[in-house]
Amino acid sequence: MELSNLTLMSGETFDESVLGVVTLRRQGNTSFQSALLQEYDMVVLMLHEVEGQERTIRNTLAGGLRIQTQHIDIQTLERAVSAGDNNELVTSLLTGEVVWDPQGVLEELRWIITQFEQPIQERVLLMELARFLHMYVKSKRYIAAGCVMDAYNCVLIALYHWARIEVSEGGRFPEPAVWDQVKSQNTSVYKLYEELTISTETLEQRVQLVLLACEFAIMSKMADCCTLLFTILGSRKEPWGMEELLRQPGLSHLEPELPLLLSKLVSRSLIREITSWADANSGAGHAIRYTI
């Protein structure tokens, strides 16, 4: 598709400061497509360089086609790739047609995903383990409180993050349709998914069974999945505070999960917790820092 034709169809105008443009069209009966293509005939992704670019969405009707155009910055797209928290953006990047990429930014991102080597693999593994642990703990708390349906929902999400770990450990980028990837690997997490969803046992029994398996998996995978965090903690002699860690690339998306992960690593003696007097301006008490 020529750039001028794209501009005409979507009703958008832009200059060469746009880093790249991807279009995603309906592809008949292909196995997986963006959920947006249920409502639109084409999705146009426009990539900008400016960090903090306000994400804008425009819906248009042109030539009988319903088109949605999304404007995002490069950092948002990179986050979607490493954090796995926006499947629609990842789908657009992986399966869409690149129609404007003068600096090769989009092709480079695609190549990184295809190769799935460090540092992207380490980031994904750490992200998924942290979320796996978080949802596992939430499910345990719900089941202890007798909230079985909430426990079920949380452990189902925990299995999803476990599945993404399994795919990542196999050297592949975890795609939005991750359960198809896991099924082809014939791993235990897929069997647990079936056990949780279609077993004839009571719901509470199913949740309890899967929680036991999750606990074992977290303990066995923790050291290998935290390589990136260990590297950061060992990069200097001084221990790290929580705010310092959250400013590091690869950790900035883990604000809700990092405290729990650090606590679990300390309890497993994989890292050390050090306390010191807090700064004078921060109030009484001890500051908690972490190191290898």
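The structure under discussion appears in the preceding block.
Residues numbered from 1 in each chain as written. Predicted model: local features only at pLDDT ≥ 70, side-chain atom pairs only at ≥ 80, totals over all residues. Heavy atoms only, no water.

Asks: Just to check I follow, could you spell out the overall build of the chain for this structure?
Replies: The helix and strand tally for the chain stands at 12 helices and 7 strands. Counting all 292 residues of the chain, 43% fall into the buried class. In the chain, of all internal contacts separated by at least 6 residues, the share reaching a separation of at least 24 is 59%. Carbon and sulfur atoms form 49% of the exposed surface of the chain, whose accessible area is close to 15,100 Å². (Helix = DSSP H or I, 4+ residues; strand = E, 2+ residues; numbered from the N terminus. Buried < 20%, exposed > 50% of the residue type's maximum accessible area, 1.4 Å probe, protein only. Contact = heavy atoms within 4.5 Å. Areas by Shrake-Rupley, 256 points an atom, 1.4 Å probe, with all protein chains shown as cover.)

Asks: Please explain the nonpolar core as it appears in this structure.
Replies: Grouped burial of nonpolar side chains is what soluble globular proteins tend to show. If you look at the biggest cluster of nonpolar residues, it comprises 54 residues, and the most contacted ones within it are Phe132, Leu159 and Leu261. Among the elements of the structure, α5 (120-144), α6 (148-169), α7 (178-185), α8 (188-198), α9 (203-225), α10 (227-233), α11 (242-246) and α12 (258-267) are those that each provide at least two residues to this core. Of all the elements, α5 adds the most residues to this core, at 11 residues. Beyond its immediate stretch of four places on either side in the chain, Leu159 contacts Trp179, Val189, Leu192, Tyr193, Leu196, Val210 and Cys214. (Core = buried A, V, L, I, M, F, W, Y, C linked by side-chain atoms within 4.5 Å.)

Asks: Explain the sheet that holds strand β1 (residues 20-25) here, please?
Replies: Across the sheet, 5 strands lie side by side as β3-β4-β2-β1-β5; this open sheet has mixed pairing. The open sheet is flanked by β3 (56-62) and β5 (97-100), the only strands paired with a single partner. Taking each pair of neighbouring strands and ignoring which way they run, the sheet shows an average axis angle of 25 degrees. The pairing of strand β2 (residues 42-48) with strand β4 (residues 65-73) spans 7 bridges and is parallel. Along β4, the bridge assignment pairs Val44 with Thr69. Together, β1, β2 and β5 form the strand contacts of helix α4 (residues 105-115), whose direction differs from that of β5 by roughly 155 degrees. (Pairing = 2+ DSSP bridges. Axes fitted to C-alpha atoms, helices over the stretch in contact; angles between N-to-C directions.)

Asks: I tried to follow the side chain of Gln181 on my own but got confused; where do I start?
Replies: For Gln181, the location among the structural elements is in helix α7. A polar side-chain atom of Gln181 sits 2.8 Å from the main-chain amide nitrogen of Glu175. Those residues within four positions of Gln181 in sequence are excluded, and the remaining contacts are Val167, Arg172, Phe173, Pro174 and Glu175. (Polar contact = N/O pair within 3.5 Å; in protein donor to acceptor, adjacent residues only side chain to side chain.)

Asks: Quick question: what am I supposed to make of α12 here?
Replies: For an α-helix the count is 3.6 residues per turn, leaving residues at separations of three or four pointing the same way. Within the span of α12, buried status applies to Leu258, Leu261, Leu262 and Leu265. In a view along the axis of α12, the buried residues occupy a sector of 100 degrees, so they form one face of it. Of the surrounding elements, those touching the buried residues of α12 are α5, α9, α10, α11 and β7 (286-291). Just downstream of α12 lies Ser269, where phi reads positive at about 60 degrees. (Arc of directions from axis to C-beta.)

Asks: Would you take a moment to explain the side chain of Arg164 for this structure?
Replies: Position of Arg164 among the secondary structure elements: in helix α6. The class for Arg164 is buried, based on a relative accessible area of 2%. Within the structure, the side chain of Arg164 is placed 3.4 Å from the backbone oxygen of Pro174, a separation counted as a polar contact.

Asks: Sorry, what's going on with the environment of Arg26 here?
Replies: Summarising the element assignment, Arg26 is placed in the loop between β1 and β2. A relative accessible area of 43% means that Arg26 is categorised as partly exposed. Taking C-alpha positions, Arg26 is 9.2 Å from Val43, a pair spaced 17 residues apart along the chain.

Asks: I keep staring at the pattern of salt bridges and nothing clicks. Help me out?
Replies: Opposite charge on two side chains allows them to pair when their charged atoms are near. Counted by the stated rule, this structure contains 5 salt bridges. Note that Lys221 is salt-bridged to Glu166, the shortest N-O span being 3.2 Å. Residue Lys221 is located in helix α9, and its partner Glu166 is located in helix α6; the two are separated by 55 residues in the primary sequence. In this structure Lys221 comes out as buried when scored by relative accessible area, which is 10%. Residue Glu166 is classed as buried on the basis of its relative accessible area, which comes to 12%. One network of salt bridges, in which partners are shared, links Glu166, Glu169 and Lys221. (Salt bridge = Lys/Arg side-chain N within 4 Å of Asp/Glu carboxyl O.)

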